[in-house]
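Fold and geometry: a report
Given next are the chains, with one letter for each unit.
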Amino acid sequence: ERLAGRRGRQTVVRPIYTSGWCHRHQSHVCSDWLNQKKLQQHSTTTSTTMSDPREPNSLPPKTVDPSLAAERLATPFTPLKITNFLDGSPQLTDRRRKLEALIIRDPSGVFSNEDNNYMGRTERHTRSIAKFVRLVELCRSAGVGADNGRNCTQKSAVQHIEGEIIHTPEFLTLAATISDDPMPTSLHWVMFVPNIMTLCDAQQQALWLPLCRDWKMIGCYAQTELGHGSNIRALETTATFLKESEGAAPGGEWIIHSPTLTSTKFWPGTLGKTANHAMVIARLIDGSGRDRGIHNFVVPLRSMEDHTLLPGVDTGDIGPKIGYNNMDNGWASFDNVRIPRRNMAMRFATVDEEGKYGRIGGGDGDAASKVAYITMMQVRAYIIHSSNEALAMACTIAIRYSCIRRQGYDADAEKKRNGNAPNEVQVLDYRQQQYRLLPLLAASYAIFFTGKHVLTRLKNIESKLVSGSTAITKTIVGDIHATTSALKSYATTFTADGIEDCRKACGGHGFLVASGLVELSQTYLQSCTVEGDNHMLPQQVIKVLLKLVGAVQSGDAELLKEYEPTDMNYLIKPLQELVGSTSSQPTKSSFAFPTSAAETDFLDVSTLLRVFQHRTACLLLDVAVNLQSAMTTSTPQQAWNDSLLLMARTSRAHACYLLLRDFANGLNDERSNGSSSCLGKEEIGALTQCLTLLALYWMDQHLEDFLQIEALKPKHIPYLRKALLGVLTSLRPSAVGLCDARDFSDFRLKSSLGKYDGDVYPAIMESARKDPLNIRSKEGGVGLGYEAGLKKLIVGGVGEYHGQGKGRGVSGTMSRL
């Protein structure tokens, strides 16, 4: 079969694999693509044709929109070098593309997203499960995870068993490529299995991990309740120990119970209809009746034979949401459900057969609480890191479309377009469009660097904690908690707002679901609430940072040493300069741009980083002083409540600095690597422009902070904005190249506006014609609502006006009413 589609001035004929081809070659598809020759780097020439390396080699090249082709010719660096850097190496880019090809070109057709916009929620949910089952089949066929057991040393803190696929880079690449987020099974590998690996002992892992590996046991993480979310200490679900002598099974049992309506577990992903087990977070009541606080319990929900609910378990889906509707977010209540004693996670705490509670390793149980915190923070870190891709996808769609879309005439241009037609201006050439989009693109790269840094640091901390190391202090755990809280709060808010700004920047067509931006936004929105509401998390940040203020005020050198390996150590020196120097409020910065500062002073990265440091320090000290002052006339709770707005600003300032710092450090590392780096001088130059633009953009957006601390004076603002305008000008030729460097396939973008070839308008019309409202119309284009409704108006005369009191006019209508 062949599909002919318009591509600019030429017709592209694409082969469609038939079902016969599928059956003949399905068993070889994985190995064929994993072992094919290295895909060649596509190059940009004066031709308007470019090829997508993930398409079959037999296809003719796409005809690229002339505007996009010109943008790519003008790109002052090689996008593929940045792609290689983001992936880790050219070899990893090549492998990722081959893995993506497994999904994009899978002959089963199950991964197609072409009809997503026309499906109901139930159909999308069930098809998403079918996609995941096919993904597992592909992983098994390709041998993904087969080397886990051999590659894991006995000294590893977290053991990955042979055949486990979910934590391999191949699996994560394939899952991302499916681009039909979220898959209903995702909480199994995001939360359930990591909790078993970090909080359960070796015997429990030996029992449960093979079942998880083989997908017999599919789990979720059930913490949030109908009445409580972020306030974990207020959770109501109970796990009460019952001795054998009291009627329990041999060894004792736990009774999992939901004592109130508000104790119903509500919102956990995968819980509704997919999971057959849950890691339930409940209050542990030991054999003496003492409440030991929150602990983890593995609770069976459904039969592993036929998926029916087990006695005492009542669970289901919570219903339609703004987005994220492939996922069966669920509710569950437990009516005195009994589980074995050993179903409590027992790596760091135990309860014996008599119900006696104990901690493993002695002490006050710090290790258990730290590991539990780290496990939760890793999810926040993944959310932070994933934000960079979501924002980059939105920018790719909006920037490509802004290069293709033209609006307004360039009266100064001599060249004419389409014969005698006036030359219209590319939308991206308007300054307001550049100001809307280019800082968002820059931020996507900043979030990439920070997300990578945070994930690496968390893995290192977790490894040391699980192995029993005492090097991880409360100060370090508190710091990474503050870091992930600040970044999650700010990065997800910035990304959600940024995606919506990208949609608006596409004008009317951005309102189409076919733009890809609507679903991207609706799917991403949950990130602002899950794992800590973004307006609540700044309080957690400030609680940690205020301890640093106390340490600085104490002048205790030994105490300050504890902060050296933390992310907040940059605050020590500015705070030392500020503490005791003045009592004026608001706090004035000890660093400021000189009175004679000009445009060039705002282009120095080290200077920009320094002013962001002092901004955070001044705002933080203001919080501390305000709290101390307010508590002389009000209660501590009221003083804290009155300071929440300033806390939010301070947390935002901390997050902005960390993002800029990690971006700068990442680029400095690449400069130091020299020829061993994937990035050349031109690529580092473009990314440095992104860094500079982002810093200037945030200064412009939050001018009141910098003016308040007097790091800036009003006379500096014109120079700041002139520098900002100059960076926008310098970065403009790199815009499409920086999008292309993210290497998103059309399959992943799912956008009529963001296609690599720029063939926007045929794609929009094709999407419109596929709508069921058009396809199911009767002969002659008669709409489905005609016979039952419109016909009565147009032909039947029910809307005819016959005058007052005549025939079927007003009086007749009134009498019938």
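A few words now on the overall build of the chain. Counting its secondary structure elements, the chain contains 29 helices and 17 strands. Put simply, of all contacts in the chain between residues at least 6 apart along the chain, 73% involve residues at least 24 apart.

On to the environment of P772. Among the structural elements, P772 can be located in helix α27 (residues 772-775). Here P772 falls in the partly exposed class, since its relative accessible area comes to 28%. Separated by 653 residues in sequence, P772 and M119 have C-alpha atoms that sit 9.7 Å apart.

The subject of this paragraph is the packing of helix α12 (residues 431-466) against helix α23 (residues 717-731). Relative to each other, α12 and α23 sit at 85°, their axes nearing to 11 Å. The pairing of α12 with α23 is recorded here as roughly perpendicular in orientation. When α12 is examined against α23, the residues R431, Q434, Y435 and L438 are found in contact with a partner set consisting of L724, L725, L728 and T729. Tallied by class, residues from the contact of α12 with α23 come to 5 nonpolar, 2 polar and 1 charged.

What follows is about the sheet that holds strand β11 (residues 313-317). Adjacent strands of a sheet pair through backbone hydrogen bonds, lying either parallel or antiparallel. Ordered by their spatial adjacency, 3 strands build an open sheet running β8-β12-β11, and the pairing between neighbours is antiparallel. Of all strands in the sheet, those with a lone pairing partner are β8 (265-266) and β11, marking the two edges. One ladder, built from 2 bridges, connects β8 with strand β12 (residues 330-334); its direction is antiparallel. By the bridge assignment, K265 is partnered in β12 with A332.

Glancing now at unusual backbone geometry. Positive phi outside glycine occurs at W215, with the angle close to 65°. Among the structural elements, W215 can be located in the loop between α10 (202-213) and β5 (219-222). Assessed through its relative accessible area of 15%, W215 is described here as buried. The phi dihedral of K750 falls on the positive side, at around 50°, and the residue is not glycine. Secondary-structure assignment places K750 in the loop between α25 (746-749) and α26 (760-769). Taking the relative accessible area as the measure of exposure, K750 reaches 24% and is therefore partly exposed.

In terms of nonpolar packing, the biggest core is built from 186 residues, with L135, I399, F612, W698 and M699 touching the most fellow members. The element contributing the most residues to this core is helix α11 (residues 366-404), with 19 residues. Setting aside anything within four residues of it in sequence, one finds F612 in contact with C656, Y657, L660, A695, W698, M699 and F706. Ranked by size, the runner-up nonpolar core spans 25 residues in total, among them V299, I339, M344 and M346.

Turning to the state of the cysteines, a few remarks are in order. One pass over the full model with this rule turns up 0 disulfides. Cysteine C212 shares no disulfide, and the gap to the nearest cysteine sulfur, in C200, comes to 9.4 Å.

Below, the discussion takes up the confidence of the model for the chain. Averaged over all residues, the pLDDT of the chain equals 87, while 87% of them reach at least 70. For the stretch residues 1-51, pLDDT sits under 50, and the model shows 91 contacts to residues farther than four places along the chain or on other chains.

Attention now goes to the side chain of T75. Position of T75 among the secondary structure elements: in the loop between α3 (66-74) and α4 (79-87). Within polar-contact distance, the side chain of T75 engages the backbone oxygen of E71 at 3.1 Å. When near neighbours in sequence (up to four residues on either side) are disregarded, T75 contacts P733 and G737.

A turn of α-helix holds 3.6 residues, and therefore any two residues three or four places apart point the same way. Taking 1.5 Å as the rise per residue, helix α15 (residues 537-554) with 18 residues should run 26 Å; its terminal C-alpha atoms sit 27 Å apart, in good agreement. Of the residues making up α15, those classed as buried are L537, P538, V541, I542, V544, L545, L548, V549, A551 and V552.

This part covers a nonpolar patch on the surface. A surface patch of nonpolar side chains, about 510 Å² in accessible area, is lined by L790, L793, I794, V795 and V798. Judged by relative accessible area, V795 falls into the exposed class, the value being 55%.

Okay, the packing of aromatic side chains next. By the definition in use, this model includes 19 aromatic pairs. Ring geometry for F171 versus W189: centroids 5.0 Å apart, planes at 90°, classification edge-to-face. Of this pair, F171 sits in helix α8 (residues 169-178) while W189 sits in helix α9 (residues 186-199), placing them 18 residues apart in sequence. For F171, a relative accessible area of 0% corresponds to the buried category. Relative accessible area serves as the criterion here: at 11%, W189 is assigned to the buried category. Each ring, one from Y490 and one from F494, has its centre 5.8 Å from the other, and the planes form 35°; the classification is tilted.

Note on placement: R732 falls in the loop between α23 and α24 (735-740). With relative accessibility at 9%, the residue R732 sits in the buried group. Within the structure, the side chain of R732 is placed 3.0 Å from the side chain of D429, a separation counted as a polar contact. The residues contacting R732, other than those within four sequence positions of it, are E71, C403, Q426, L428, D429, Q434 and L438.

Rules used throughout
- Within each chain, residues carry numbers counting from 1 in the order of the written sequence.
- Given that the model is predicted, a residue must reach a pLDDT of at least 70 before its local features are reported, and side-chain atom pairs must reach 80 or more before they are shown or counted; all residues, however, enter totals for whole chains, interfaces and linings.
- Note that the side-chain values use all heavy atoms of the structure and ignore hydrogens as well as water.
- Counting from the N terminus, the helices are the DSSP runs of H or I reaching at least four residues and the strands are the DSSP runs of E reaching at least two.
- Should any heavy atoms of two residues lie within 4.5 Å, those residues are counted as being in contact.
- Burial status follows relative accessibility: with a 1.4 Å probe on protein chains alone, a residue under 20% of its type maximum counts as buried, one over 50% as exposed, and anything between as partly exposed.
- For every element, the axis is a line fit to its C-alpha atoms; helices are fit only across the contacting stretch, and the angle between N-to-C directions ranges from 0 to 180 degrees.
- Each angle is binned into one of four classes, with values under 35 degrees roughly parallel, values over 145 roughly antiparallel, values of 65 to 115 roughly perpendicular, and all other values oblique.
- Nonpolar residues are Ala, Val, Leu, Ile, Met, Phe, Trp, Tyr, Cys and Pro. Charged residues are Asp, Glu, Lys and Arg, and all others, Gly as well, are polar.
- Pairing between two strands requires that DSSP report at least two bridges joining them.
- Here the nonpolar core consists of buried residues drawn from Ala, Val, Leu, Ile, Met, Phe, Trp, Tyr and Cys, with membership extended through side-chain atoms lying within 4.5 Å.
- Counting rule for disulfides: a pair of cysteine sulfur atoms within 2.5 Å.
- Scored from 0 to 100, pLDDT records how confident the predictor is in each individual residue.
- Whenever two N or O atoms come within 3.5 Å, that pair is a polar contact, provided that in protein one can donate a hydrogen and the other can accept it, and provided that, for residues adjacent in sequence, both atoms are side-chain atoms.
- Residue count minus one, scaled by 1.5 Å, sets the expected span of a helix.
- Exposure above 30% relative accessible area and the absence of a salt bridge qualify a residue for a patch, where like charges join within 9 Å and nonpolar side chains (Val, Leu, Ile, Met, Phe, Trp, Tyr) within 5 Å.
- Only the protein chains shown count as cover for residues, with accessible areas throughout obtained via the Shrake-Rupley method and a probe of 1.4 Å.
- Here, a salt bridge means any side-chain nitrogen of Lys or Arg that lies within 4 Å of a carboxyl oxygen of Asp or Glu.
- Two aromatic rings, drawn from Phe, Tyr or Trp (for Trp, its six-membered ring), form a pair once their centres lie within 6.5 Å of each other, and the interplanar angle then sorts them: stacked below 30 degrees, edge-to-face above 60, tilted otherwise.

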